[in-house]
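# Residue-level structural notes
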Amino acid sequence: MNPRVVLFGGTFDPPHIGHLLMAQLAHEETQAEVWWLPAPVPPHKLDAPPATPYDVRVEMVRALVAGHSGMQVSTIEAELPKPSYTVDTVAALRQRHPGTSFLFLIGSDSLAALDTWHEAARLTEAVSFLVAVRSGYPFAATYERMRSKLPRLVAQPLEMPLIDVSSSWIRERAARGLPLCGVVPEAVVRIWRRACGASNSFARACSGCG
Ligand code: ATP
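Please read these numbers as outputs of a predicted model, since none were measured by experiment.

Of all six residues that make up strand S2 (residues 33-38), five are buried, and the element is covered over most of its length. You can see the chain leave strand S1 (residues 4-10), run along helix H1 (residues 17-30) and come back into S2, and the turn it takes is right-handed. Note: S2 against strand S3 (residues 71-73), three bridges, orientation parallel. In the sheet register, tryptophan 36 faces S3, and the bridge partner there is valine 73. In this view, the connection linking S2 to its parallel neighbour S3 by way of helix H2 (residues 54-65) has right-handed handedness.

On the basis of which strands lie adjacent, the open sheet formed by six strands has the order S3-S2-S1-S4-S5-S6 and parallel pairing. What marks the edges here is a single partner per strand, and that holds for S3 and strand S6 (155-157). Pairs of neighbouring strands in the sheet enclose a mean axial angle of 30°, with direction left out of account. With three bridges connecting them, strand S5 (residues 128-132) and S6 associate as parallel partners. By the bridge assignment for S6, valine 131 is matched with proline 157. Across the sheet, helix H4 (residues 86-96) is in contact with S1, S2 and strand S4 (101-107); its angle to S4 comes to roughly 155°.

Let's shift gears to the UniProt feature "domain: Cytidyltransferase-like" (unreviewed entry) in the protein chain. Following the UniProt record, the feature "domain: Cytidyltransferase-like" (unreviewed entry) maps to residues 7-173 here. Helix and strand shares over residues 7-173 are 42% and 17% respectively, and the end C-alpha atoms of the span are 29 Å apart.

Cut-offs and rules
Residues numbered from 1 in each chain as written. Predicted model: local features only at pLDDT ≥ 70, side-chain atom pairs only at ≥ 80, totals over all residues. Buried ≥ 20, exposed ≤ 12 C-beta atoms within 10 Å, placed from the backbone. Helix = DSSP H or I, 4+ residues; strand = E, 2+ residues; numbered from the N terminus. Right-handed = clockwise from strand over helix to strand, strands pointing away. Pairing = 2+ DSSP bridges. Axes fitted to C-alpha atoms, helices over the stretch in contact; angles between N-to-C directions. Contact = placed C-beta atoms within 7 Å. UniProt positions renumbered as here; feature names shortened; annotations may be inferred.

As structure tokens, this is what we get:
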């Protein structure tokens, strides 16, 4: 059988327990390695690019997955043209790893907007999707609606309890000086806080970390 890999793309600003749990459960369910793919320039966030530099987001993801077996962090998107279109990343990975089949891990909110992704139809021919449900985006209805727009789409739900946290909610808490314990591990918060020197607003946003 061909080796299988689960790809997990995201901004990860910062990475949190929702990300970690979905990656862990995807690994358990598929028995495949999970390759985390932090995006240097996320195409959906061109209007509001991540405040945290790419290298820091990569370091935070490395810290989050440290000690978890079956997970790797890939910086392939740093080598590819920007913005970091998933269709380009998957094409580059397929070229570098012939014979490997790729499954793409995604939240159901992202699935609901898949038709807005660059060359979405071509992407659905290259990968199938494993979907972690997020609040407000039930799997079956979201999948059905998206399949009417992208007929080649293949997706399956990931069994996972609803974890209603997001990086934006975490950034808001950090900006208000509220603790992040329970949602972002201490080692990740330390890296985030250390990067605070980058700019005044970033320093303010991090002043409540931990
Ligand atoms: P932001 O709030 O800044 O948009 P985010 O928390 O959604 O960030 P991303 O890095 O953009 O995090 O997410 C990467 C992928 O993980 C996306 O497909 C997203 O839908 C999914 N995801 C993020 N958090 C969760 C969660 N709590 N449950 C299920 N899926 C999630």
